[in-house]
Every structure is written in C-alpha cells, then in structure tokens.
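For reference, the chains in residue letters:
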Amino acid sequence: MTATTSGPAPLGGLRPLLAEIGDAKRVRTAGAPGSLAEQAFARSWARLLAGEDAGTVALSETAAAVARARLAGVDAAVLAAAGLSADEAQAVLRRAFDEVAGALDGGLAGRLRAALPGLRGAGAPPPLAVALNAQPRAGATAPGKPRVVVEPPESHGDHCFTVAVYATLLAPLMGADPVVPFLVGLAHHLHNVVLPDAGFAGEVLLGDQLDRVIGTLEERELTALPAPLAARLREVLLLRGDAVAPESQAFHAADVLDRVLQVHHHARAAAFTAGQALDDLELVHAGPVQAFHLDVLAAAGL
C-alpha cells in the first residue's frame with residue numbers, strides 16, 4: 001500500500017462504515033426483488049448500458065450506499081411516495097449520509113454528498129446483472145478440504161456491488177481516481193455469469209485451464225455490451241493483474257476487505273444472543289408501553 005494510507009489508522013477508521021454498507025447484502029424491501037445491494041448492482045449496470053456517464057453512476061450509487069447504511073430501503077422514491085418534496089427527501093438522505101461519513105476523506109465526502117440527488121431509476125437490468133444476482137458465491141474454500149456451507153450465501157451481485165462501493169471509498173487512501181475502481185469492482189466477476197462458483201478449491205482444480213476459462217467467459221459477456229462500454233471495461237479490468245497502480249490497490253483492498261468482512265458477519269450472526277438484543281440493542285425500547293412489555297416477558301420467563 002502507498003504511503004498515503006499512513007499505516008492502518010485510516011483503514012481502521014473506515015472499517016465500521018464498510019461493515020454497515022456491507023449489510024445491504026442482507027436487507028430487502030417489498031418493492032423489488034433481491035437485497036438492497038443486488039438492487040443497486042442491477043441499477044448500476046442498467047444505467048451504464050443506457051449510456052450514463054460512469055462517474056455520475058459511481059458517485060451517486062456510492063453516495064446512496066453510504067446513506068443506506070442507516071436508512072436501509074428508505075430512499076428518495078419512498079420518501080416522495082410518503083409525500084415529502086424533493087428538497088425534504090434530500091435533507092433526510094443527507095442527514096443519514098452525514099451521520100456516518102465522518103471517517104471518509106473530506107474531498108470525496110463532499111463529492112458524494114453533492115451526488116446524492118444524482119441517483120436515478122433505470123430500465124430493466126441486463127441479463128448479466130440478473131445472472132450474477134442469482135449466482136451464489138462459494139464462500140471460504142481450500143484445496144483438499146470439504147466446503148464450509150454457510151447460509152444464506154451472498155450472490156455475486158452482492159459482492160461485486162459492495163466491492164465497487166468499498167473501492168470508491170478507499171480510493172483517496174491510495175491516491176486513486178474513485179471511478180475506475182468502482183468499474184473494476186462492478187465487472188470483476190463477469191465470468192461467473194456462466195461459471196458457478198467453486199471457490200479457490202475449484203480454481204486450483206481447473207489448473208492451467210483457469211485463465212482460459214475465465215478469459216473466454218468474460219469476453220463472452222463483454223462482447224454483448226455496447227462497444228464503448230466494453231472497451232472501457234476491458235481497459236480497467238487489466239488492473240486486476242497486480243496491486244501496483246493506485247486504482248489496482250483500491251480495488252484489491254476492497255475485494256479482500258469484503259471477503260473477510262463477510263466471514264466476520266457470519267461469525268457474528270452465529271454468536272448473536274437474545275441477551276444482546278434485549279440489553280445492548282434495547283429491543284424493548286423506551287416508550288409508553290415499555291413497562292407492560294417487560295412485565296409480559298417476565299411472566300413468560302423470557
């Protein structure tokens with residue numbers, strides 16, 4: 001990592017926000033299929049295929065992901081349906097953004113905050129986004145060892161969108177352009193449109209054929225895209241090959257952080273207790289009926 005990271009402190013400060021953003025993989029709404037991350041992944045691809053500027057897509061989708069850390073599925077469209085004006089809705093979104101954005105680079109935070117109104121709806125997602133949202137990830141696997149199956153599995157859409165957002169937020173630490181690593185994150189698993197995920201263990205078994213399999217299937221998807229977009233993605237996807245360029249570092253840092261934070265999520269979920277919900281999170285929260293609720297729980301032995 002470059003000297004601009006100043007050691008682990010900046011990354012350590014960002015980690016709680018990254019974990020909250022990653023939870024969008026596990027939050028759903030009634031208005032659309034898939035997790036919030038999958039919805040954003042599909043929308044990002046639809047916007048790019050419609051010819052929208054990649055920088056506008058990257059910044060507005062990342063800004064929305066930051067606000068979503070606290071608002072979940074409450075977005076501008078929901079707020080408009082509830083009767084708020086555009087200005088009132090943006091004020092709500094900006095309050096959510098500001099509540100969690102303290103760890104972000106100041107310059108990037110300003111650009112993202114200004115981009116919040118730029119999030120817009122899009123048409124139907126392309127087949128590749130639909131497929132990647134349906135394609136489960138293998139999770140942690142190792143050669144010669146049985147797979148550890150953890151439910152529910154995340155999808156490739158979950159992972160790719162989360163890596164894209166993380167890479168954008170990490171870009172200033174590496175001195176990188178935030179748009180390029182967003183695109184790399186969004187597109188780095190195109191081969192899994194066709195290739196089911198067998199994890200690292202499966203990659204080892206593919207052996208010398210691995211690069212050819214990935215290259216053939218990735219090019220299959222790129223060829224189906226509009227020529228200018230395909231050319232841009234071919235260019236930025238070359239950055240996966242090492243961690244030398246700042247944009248490469250932002251992508252690879254985001255990729256490994258998402259993989260490990262996903263494992264931490266499953267470990268945390270497995271260890272969650274009712275006591276934490278009742279005591280730490282105040283499941284029975286203050287209000288006019290709190291005393292009654294506590295009496296009911298005591299009578300039920302809970």
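This text goes with the structure placed above it.
Summarised in this report is the structure supplied together with it. Numbers given for residues are sequential positions, taken from 1 along each chain in its written order. Side-chain atom pairs in this predicted model are given and counted only at pLDDT of 80 or more, local residue features only at pLDDT of at least 70, and totals for whole chains, interfaces and linings cover all residues. With hydrogens and water set aside, each side-chain value is computed from the structure's full complement of heavy atoms.

### A word on the overall build of the chain
Moving on, step 1. The helix and strand tally for the chain stands at 15 helices and 2 strands.
Moving on, step 2. In summary, the chain has a C-alpha radius of gyration of 21 Å against a globular reference of 19 Å for 302 residues, a match within 12%.
Moving on, step 3. Counting only C-alpha atoms and orienting by the principal axes, one finds that the chain spans roughly 65 × 50 × 40 Å.
Moving on, step 4. Burial analysis of the chain (302 residues in total) assigns 44% to the buried set.
Moving on, step 5. The contact definition used throughout considers only heavy atoms, calling two residues in contact when any of these lie within 4.5 Å. Contacts spanning at least 24 positions in sequence make up 71% of the contacts within the chain whose residues lie at least 6 apart.
Moving on, step 6. Put simply, the chain shows about 15,000 Å² of open surface, and 62% of that area lies on carbon and sulfur atoms.
Moving on, step 7. Within the chain, one finds 23 positive and 32 negative side-chain charges whose respective centroids are separated by 2 Å. Only DSSP runs of H or I with at least four residues qualify as helices, and only runs of E with at least two residues qualify as strands; both kinds are numbered from the N terminus onward. In this treatment the radius of gyration is a C-alpha quantity, and the globule benchmark scales as 2.2 Å times the residue count to the 0.38 power. Exposed residues in this analysis have more than 50% of their type's maximum accessible area, buried residues have under 20%, and partly exposed residues fall in between, with area computed by a 1.4 Å probe over protein chains only. Reported accessibility uses the Shrake-Rupley method at a 1.4 Å probe radius. Residues are deemed covered only where the shown protein chains occlude them. The charged-residue count follows a simple rule in which Lys and Arg add positive charge and Asp and Glu add negative charge, with His and chain termini not counted at all. Charge coordinates come from a single atom per side chain, which is NZ of Lys, CZ of Arg, CG of Asp or CD of Glu.

### Details of the packing of helix α11 (residues 210-223) against helix α12 (residues 227-237)
Moving on, step 1. Axis lines are fitted to C-alpha atoms, over the contacting stretch for helices. Their N-to-C directions set the angle, which ranges from 0 to 180 degrees. Axis separation between α11 and α12 bottoms out at 9 Å; the angle between their running directions is 150°. Judged by the inter-axis angle, α11 sits roughly antiparallel to α12. Between α11 and α12 the crossing geometry is right-handed. Of the residues in α12, those touching α11 at E218, E219, L222 and T223 are A230, L233, R234 and L237. Roughly parallel covers angles under 35 degrees, roughly antiparallel covers those over 145, roughly perpendicular covers 65 to 115, and oblique covers all other angles. Handedness of a crossing follows from how the near helix is turned relative to the far one, being left-handed for an anticlockwise turn of less than a right angle and right-handed for a clockwise one.

### What to know about the nonpolar core
Moving on, step 1. By size, the foremost hydrophobic cluster in this structure holds 74 residues, and its most contacted members are I21, W45, L104, F161, L169 and L233.
Moving on, step 2. Sequence-distant contacts of F161, defined by excluding residues within four places in its chain, comprise A37, A40, F41, S44, E61, A65, R68, F182 and L186. Only buried residues count toward a nonpolar core, which is a set of Ala, Val, Leu, Ile, Met, Phe, Trp, Tyr and Cys residues joined through side-chain atoms within 4.5 Å.

### Looking at the environment of F41
Moving on, step 1. Tracing the backbone shows F41 in helix α2 (residues 36-49).
Moving on, step 2. Among residues more than four places away in sequence, those in contact with F41 are A129, L132, N133, G157, C160, F161 and L186.

### Let's talk about unusual backbone geometry
Where the residue is not glycine, phi is negative for most of them; where a peptide bond is considered, it is trans in most cases.
Moving on, step 1. Phi is positive for A72, close to 55°, though the residue is something other than glycine.
Moving on, step 2. With respect to the element layout, A72 can be found in the loop between α3 (54-71) and α4 (76-81).

### Digging into the packing of α3 against helix α9 (residues 179-187)
Moving on, step 1. As a packed pair, α3 and α9 sit with axes 9 Å apart at the nearest point and diverge in direction by 80°. Classified by the interaxial angle, the pair formed by α3 and α9 is roughly perpendicular. The segment α3 lies against α9, with A54, G55, V57, A58, E61 and T62 engaging V179, F182 and L183.
Moving on, step 2. Residues belonging to the contact of α3 with α9 are distributed by class as follows: 6 nonpolar, 2 polar and 1 charged. When residue character is reported, Ala, Val, Leu, Ile, Met, Phe, Trp, Tyr, Cys and Pro are called nonpolar, Asp, Glu, Lys and Arg charged, and the others, Gly included, polar.

### A short note on the packing of aromatic side chains
Moving on, step 1. Aromatic pairing here means that ring centres of Phe, Tyr or Trp (its six-membered ring) are within 6.5 Å. Orientation follows from the plane angle: under 30 degrees is stacked, over 60 is edge-to-face, and everything else is tilted. This model, assessed by the stated rule, comprises 1 aromatic pair.
Moving on, step 2. On the numbers, 6.5 Å between centres and 80° between planes, the contact of F41 with W45 is edge-to-face. Taken together, the positions of F41 and W45, both in helix α2 and 4 residues apart, correspond to about one turn of that helix.
Moving on, step 3. Overall, the relative accessible area of 0% leaves F41 in the buried class.
Moving on, step 4. Residue classification places W45 among the buried residues on the basis of a relative accessible area of 1%.

### Notes on α3
Moving on, step 1. In a helix, the anticipated span is given by 1.5 Å times the number of residues less one. The end-to-end C-alpha distance of α3, which contains 18 residues, comes to 25 Å, matching closely the 26 Å that a straight helix rising 1.5 Å per residue would cover.
Moving on, step 2. If you check the start of α3, you find a side-chain oxygen 3.0 Å away from the backbone N of G55, and it comes from D53.
Moving on, step 3. In the segment just after α3, A72 is the residue with positive phi, at about 55°. Within 3.5 Å is the distance limit for a polar contact, defined as a pair of N or O atoms, with the added protein rule that one can donate a hydrogen and the other accept it, and that residues adjacent in sequence qualify only through two side-chain atoms.

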